[in-house]
Amino acid sequence: MNTPQPTSGTPEEHGDRYLAITHEVVNQPPPLENYNLYEQDIALQKAVHREGAGKAESDLKAFGALAGSAATIDLGFRANNNKPVLNTHDRFGHRIDEVDFHPSYHELMGIAFESGLHSSPWTNPGKGAHVTRAAKYYMHSQVEAAHCCPVTMTFAAMPSIRKQPELAALWESRILANSYDSRNVPDSQKSSVTIGMAMTEKQGGSDVRSNSTLAYPVGAKGPGQAYELVGHKWFVSAPMCDAFLVLAQTPGGLSCFLMPRWRPDGTKNPWQIQRLKNKMGNVANASSEVELRGALAWMIGEEGRGVPTIIEMVAMTRFDCMIGSSAGMRQAVAQATHHCRHRSAFGNRLIDQPLMQNVLADLALENEAALAYTLRIARALDSQDQEHERLLARLATPVGKYWICKRTPNHAYEAMECIGGSGVMEDCIMPRLFRESPVNAIWEGSGNVQCLDTLRAIQKEPETLDAFFLEAAKAKGADRRFDQFLAQLQNDFADISDFQYRARNLVDRLALVMQASLLLRNGDKSVADAFCASRLQSNGGMNYGNLPSGIDAAAIIKRATPVVG
Ligand SMILES: Cc1cc2nc3c(=O)[nH]c(=O)nc-3n(C[C@H](O)[C@H](O)[C@H](O)COP(=O)(O)OP(=O)(O)OC[C@H]3O[C@@H](n4cnc5c(N)ncnc54)[C@H](O)[C@@H]3O)c2cc1C
């Protein structure tokens, strides 16, 4: 083996250190940190303004700086390197059902709750409210996605809890408080609380009608009344939440309940955590299996109307899955473009090499289309008093949840490959993005369930499809490929035989036509052109990096690359 020689100096000058100098580290990028996640994201800025949240600009800039700081990024790593631990009992043998999280998890939760990621559209509704929150969530989730689960559930629970006004009066101000209290104490001692949800049981998650947990009335029956719940739940994420929306059976059918972790008399509610799930991703967030041994809970909404009651919450969590997956894509694009901007191979920077340009531009397109779609739905949520927006949100939520979440895993993997071997190493964020990537697609209604929900919406309320096509058709005339694609898709909806069998194909194309429409109407010209060329027309290629010739890949990449170092 040849001993590497020092590039300068003499053996006499180097003395004993002569042989210790092996090499200089070159051709490695600087860490992607201390950058502003808002200011360095052109697509995000444009979408925020387009969808009506321009007045939040300075707030978003400040949040972008916080999210991109080295200290915040470090919290994400620490929260994942130190898995939550369940302590079922204290040393004296009392049940405590306490999950011990690393302090970094609590710090991230503090940032999220103090920034109103769980509350702002409810406390300050109106133009731009959901869009602003979505933009912040998009940035925060890039730093660490797992802890966003309880943030989302707390946010999403509000519409369902409001269906029982006297319960909402007890809980609302504490749910909406912009602070975070991690203590394992009765909620009566807290001025801010977090909310979880417990639907899935061993025998069924998609089909919650199979729930076997039973609810027994303590006294009077019906909405707002107290019940005791007996049964189990197979997946309960963030089990340290202060209360949960739970589904359980009553003689009138599946009903929805609000179940606090402590009883009003300050004793522990008999809701016992059996164990934590051993998850491949979403590690910083604890998910648990629990048994309910007469846990006290209050009915929300009508008896037997549990699914329609909790579905309001589920619609919001599905929306957040869209934001979260779009955010995962953004972070993957930021990491891949940043790396390739600083890394050379065969004498040229990777970002300047044509084949890598094709891959990077394709990844950037996917992200920008996901973001454009997500923030358009955020605007629809801000305008639910308008019928068109209500119908649009109803259909576009399952379509987008299905499509965007499902496009993320391969995207994360391709971005990892752009970085090469170092992208596989646990000391960078890529493995975390990859492991996180399937989760949004599976929970809150897996892919097929979203497609079936899309069909259900169309069959129950055909106006949803009219509204969807009306919105998409606003780009008519802007691009020939788009016009053809839209016409063919509308035609294919005329025949509803074997609708279920074809559902994925139809939903894929609904998502594509809406993304293309949004990019054509509002996006960057190069991005819109590349999207139509690669997504609405096939040249036979299936992987990322299949953009046809004639696309301005360099412009697309420039738009997406954070300039750091
Ligand atoms: C990390 C994590 C955290 C979670 N946290 C929570 C939580 O906090 N609270 C909670 O209640 N749940 C939680 N879940 C559970 C999650 O919501 C369920 O796993 C999910 O809804 C799917 O249910 P299942 O696992 O029972 O699968 P199943 O319902 O058995 O579905 C299996 C597959 O069959 C498909 N399928 C179902 N019906 C049909 C049909 N009619 N036609 C075609 N295909 C169909 C589904 O799309 C899916 O792909 C969590 C899951 C994960 C992974």
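These remarks concern the structure in this document. Numbers given for residues are sequential positions, taken from 1 along each chain in its written order. Two thresholds apply to this predicted model, a pLDDT of at least 70 for residue-level local features and 80 or more for giving and counting side-chain atom pairs, whereas whole-chain, interface and lining totals are computed over all residues. Values shown for side chains rest on all heavy atoms present in the structure; no hydrogens or waters enter the calculation.

A few points about the overall build of the chain
Under the DSSP-based scheme used, a helix requires at least four consecutive residues in state H or I and a strand at least two consecutive residues in state E, with every element numbered from the N terminus. When helices and strands are counted, the chain shows 20 helices and 11 strands. Radius of gyration means the value over C-alpha atoms here, while the globule rule gives 2.2 Å times the residue count to the 0.38 power. A compact globule built from 565 residues would reach a C-alpha radius of gyration of about 24 Å, and the chain, at 25 Å, matches this within 12%. Based on the C-alpha atoms only, the size of the chain along its principal axes is roughly 90 × 70 × 45 Å. Residues counted as buried form 58% of the 565 residues belonging to the chain. With the model as given, the accessible surface of the chain reaches about 23500 Å², and the carbon-plus-sulfur share is 52%. Charge assignment: positive for Lys and Arg, negative for Asp and Glu; neither His nor the chain ends contribute. We put the charge of a Lys on NZ, of an Arg on CZ, of an Asp on CG and of a Glu on CD. Counting 57 positive and 61 negative side-chain charges, the chain places the averaged centre of each group 3 Å from the other. When accessible area is computed with a 1.4 Å probe and restricted to protein chains, residues below 20% of their type maximum are described as buried, those above 50% as exposed, and intermediate ones as partly exposed. Here the accessible surface of atoms and residues is derived via Shrake-Rupley with a 1.4 Å probe, and residues count as covered only by protein chains that are part of the display.

Some points on the pairing of strand β6 (residues 243-250)
Counting buried positions along β6 yields 8 of 8 residues, so the element is predominantly enclosed. Of the two faces of β6, both are covered, the one formed by Ala 243, Leu 245, Leu 247 and Gln 249 as well as the one formed by Phe 244, Val 246, Ala 248 and Thr 250. Relative to strand β7 (residues 253-260), β6 runs antiparallel, the two sharing 8 bridges. Opposite Gln 249, over in β7, you have Leu 254 as the bridge partner. For two strands to pair, DSSP has to find at least two bridges joining them. Between the end of β6 and the start of β7, which pair antiparallel, lie 2 residues.

Description of the pattern of salt bridges
Note on definitions: salt bridges are taken to be side-chain nitrogens of Lys or Arg within 4 Å of carboxyl oxygens of Asp or Glu. Applying the stated criterion across every chain yields a total of 39 salt bridges. Between Glu 389 and Arg 376 there is a salt bridge, with its nearest N and O atoms 2.9 Å apart. Here Glu 389 is found in helix α12 (residues 387-419), whereas its partner Arg 376 is found in helix α11 (residues 354-382), with 13 residues between them in sequence. Of the two residues, Glu 389 and Arg 376, neither departs from the other in class, the shared state being buried. Each member of the salt-bridge network shares a partner with another, and the members are Arg 376, Glu 389, Glu 471, Lys 474 and Arg 521.

A few points about the layout of surface pockets
Here the second largest pocket is characterised by a volume of approximately 670 Å³. Arg 407, Ser 534, Arg 535, Gly 541 and Met 542 are the residues nearest the centre of the second largest pocket, which is lined by 25 residues in total. Elements supplying a minimum of two residues to the lining of the second largest pocket: α12, α18 (503-522) and α19 (525-535). Looking at the lining of the second largest pocket element by element, the count peaks at 5 residues for α12. Throughout this entry, Asp, Glu, Lys and Arg are counted as charged residues, while Ala, Val, Leu, Ile, Met, Phe, Trp, Tyr, Cys and Pro are counted as nonpolar. The remaining residues, Gly among them, count as polar. Looking at the lining of the second largest pocket, its residues break down into 9 nonpolar, 10 polar and 6 charged. Cavities and pockets were defined on a 1 Å grid built over protein atoms only: a cavity is a set of grid points that admits a 1.4 Å probe from which the probe cannot escape, a pocket is an open set flanked by protein on both sides within 12 Å along at least five of seven lines, and lining residues are those with an atom within 4 Å of any such point. Grid points are joined across faces, edges and corners, and a volume is the space filled by probe spheres set on the points.

Remarks on the packing of aromatic side chains
Here a pair means two rings of Phe, Tyr or Trp (six-membered ring of Trp) with centres within 6.5 Å. Their orientation is stacked below 30 degrees between planes, edge-to-face above 60, and tilted elsewhere. All chains considered together, the criterion is met by 8 aromatic pairs. A network of ring pairs unites the aromatic residues Phe 469, Phe 493 and Phe 499 as a single cluster. Looking at Lys 277, its charged tip hangs above the ring of Trp 234, at a distance of 3.4 Å from the centre. A positively charged side chain is recorded as over a ring if its NZ (Lys) or CZ (Arg) lies within 6 Å of the ring centre. The angle to the ring normal must also be within 35 degrees. Just above the ring of Phe 235 sits the side chain of Lys 277; from NZ or CZ to the centre is 4.2 Å.

What about the site of the ligand?
We call a residue near a given molecule or strand whenever any one of its heavy atoms falls within 4 Å of it. Taken together, 19 residues lie near the ligand, and Met 199, Thr 200, Gly 205, Ser 206 and Ser 237 sit nearest. In protein, a polar contact requires one atom able to donate a hydrogen and another able to accept it; more generally it is a pair of N or O atoms within 3.5 Å, and residues adjacent in sequence count only if both atoms are side-chain atoms. A distance of 2.8 Å separates an oxygen atom of the ligand from a polar atom in the backbone of Met 199. Take Thr 200: an N or O atom from its side chain is 2.8 Å from a nitrogen atom of the ligand. Mapped onto the shell around the ligand, the elements with two or more residues apiece are β3 (195-198), β5 (226-237) and α15 (447-460). Each residue belonging to the shell around the ligand can be placed in one class, and the counts come to 9 nonpolar, 8 polar and 2 charged.

What about the packing of helix α17 (residues 480-492) against α18?
To get an axis, a line is fitted to the C-alpha atoms, and for a helix only the part in contact is used. The angle between two axes follows their N-to-C directions and goes from 0 to 180 degrees. Running from N to C, α17 and α18 cross one another at 145°; their axes reach a closest spacing of 10 Å. The element α17 and its partner α18 pack so that their crossing is left-handed. Counting all contacts with α17, which are made through Phe 482, Phe 485, Leu 486, Gln 488, Leu 489 and Asp 492, the residues of α18 involved are Leu 506, Arg 509, Leu 510, Leu 512, Val 513, Ala 516, Ser 517 and Leu 520. The class makeup of the residues in the contact of α17 with α18 is 10 nonpolar, 2 polar and 2 charged. Working rule for handedness: look at the near helix, and if it is turned counterclockwise from the far one by less than a right angle, call the crossing left-handed; if clockwise, right-handed. Contacts are assigned to residue pairs with any non-hydrogen atoms lying within 4.5 Å of each other.

Re helix α9 (residues 165-176)
Taken residue by residue, α9 has Leu 167, Ala 168, Trp 171, Arg 174, Ile 175 and Leu 176 as its buried positions. Each element contacted by the buried residues of α9 is listed here: α6 (120-123), α8 (148-161), β3, β6, β7 and β9 (287-300).

Examining the environment of Ile 195
As for its position among the elements, Ile 195 is in strand β3. Remark: the alpha-carbon pair of Ile 195 and Val 99, spanning 96 residues in sequence, is separated by 15 Å. Every residue in contact with Ile 195, bar those within four places of it in the chain, is listed here: Pro 150, Met 153, Thr 154, Ala 157, Trp 171, Ile 175, Cys 241 and Ala 243.

Some points on empty space enclosed by the protein
A complete count under the given rule lists 3 cavities of 30 Å³ or more for this structure. Put simply, the largest cavity is a space of about 330 Å³. If you go around the largest cavity, you meet 27 residues; those closest to its centre are Ser 141, Ala 145, Gly 324, Glu 436 and Asn 440. Secondary structure elements with two or more residues in the lining of the largest cavity: α7 (129-143), α8, α10 (306-342), α12 and α13 (430-436). Here the residues of the lining of the largest cavity are counted per class, giving 11 nonpolar, 11 polar and 5 charged. The volume enclosed by the second largest cavity comes to roughly 80 Å³. Asp 41, Ile 42, Ala 43, Arg 330, Val 333, Ala 364, Asn 367, Glu 368, Val 527, Ile 556, Arg 559 and Ala 560 together form the lining of the second largest cavity. Its residues placed into classes, the lining of the second largest cavity shows 7 nonpolar, 1 polar and 4 charged.

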